[in-house]
Amino acid sequence: ELAFTATRGSLPAGPVDQSARLNEFHYDNDGQDTGEFLELLLGPAFEGPLDEVEIHLYNGNGGRLYGQHNLASFSHDQTSSSGYRLFSKLVPGLQNGPDGIAVTVAGAVSEFLSYEGFFTAADGPAEGIRSRNIGVSQSGPVPAPGTGSLGLGQDLENWLRLDTHSRGDFNPGQELSSPGLPGIAIDEFQL
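Computed from a predicted model, the values in this text were never measured in an experiment. (Residues numbered from 1 in each chain as written. Predicted model: local features only at pLDDT ≥ 70, side-chain atom pairs only at ≥ 80, totals over all residues. Heavy atoms only, no water.)

This part takes up unusual backbone geometry. With an omega of 5 degrees, the peptide bond running from glycine 97 to proline 98 counts as cis. Along the chain, proline 98 falls in the loop between β7 (85-90) and β8 (99-105). Even without being glycine, glutamate 116 reaches a positive phi, approximately 65 degrees. (Helix = DSSP H or I, 4+ residues; strand = E, 2+ residues; numbered from the N terminus.)

A word on the environment of phenylalanine 46. One can find phenylalanine 46 in the loop between β3 (37-42) and β4 (53-59). Note on phenylalanine 46: relative accessible area 8%, which makes it buried. Sequence separation between phenylalanine 46 and glycine 83 is 37 residues, and the spatial gap between their C-alpha atoms is 9.6 Å. The contact partners of phenylalanine 46, leaving out residues within four places of it in the chain, are Asp17, Gln18, Ser19, Ala20, Val53, Arg85 and Val105. (Buried < 20%, exposed > 50% of the residue type's maximum accessible area, 1.4 Å probe, protein only. Contact = heavy atoms within 4.5 Å.)

Our next topic: the sheet that holds strand β10 (residues 132-133). Taken in spatial order, the five strands of this open sheet run β5-β4-β8-β9-β10, and their pairing is mixed. Edge positions in the open sheet fall to β5 (64-70) and β10, since each of these has one partner strand only. (Pairing = 2+ DSSP bridges.)

Attention shifts here to the sheet that holds strand β2 (residues 20-26). The six strands lie next to each other as β6-β7-β3-β2-β11-β12, forming an open sheet whose pairing is antiparallel. For this open sheet the edge positions go to β6 (75-79) and β12 (159-162), each flanked by a neighbour on one side alone. If you compare each strand with its neighbour and ignore which way they point, the axes differ by 25 degrees on average. Alignment of strand β11 (residues 149-152) against β12, held across four bridges, turns out to be antiparallel. Directly across from leucine 152, in β12, lies its bridge partner tryptophan 159. (Axes fitted to C-alpha atoms, helices over the stretch in contact; angles between N-to-C directions.)

Here's what the structure looks like:
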């Protein structure tokens, strides 16, 4: 026989992040480019299969696709205490801009970002969509090899120029939290 009492949890209810988004990337450094990578962040409520998340690389000169990667080919690096999951992959040959990156979930574009300028995609899943320039780049000055990247800040909206790579780690200052669901709290448990 099992007996317990339960009361409504004390956490406030709120929206839980279901997104799949680009979190950080490195595409340029002084001299020959090395260590280029992509990093994706899945929200705590994202429940889709990883193979339904794809990253499409766009050339800003003409707006055509030049590469595609499935999230299932990325490494799962970390999960935050609030349930955010971080994935990364080395991607040699990321172009130096103006270029773009589209993230799709089950074929639908969740975001289409560009760096070092704007353009409209001419093919692929983002065809006809104008990119959203992230507003920062790895130029002026171009970072030394093994340093520098572009990453999302704490608010998951604004892009920052980072002094060091944090591939596989949450970006500096990124303390991601989620309001969560109200749930229940068990006060007493008897068996």
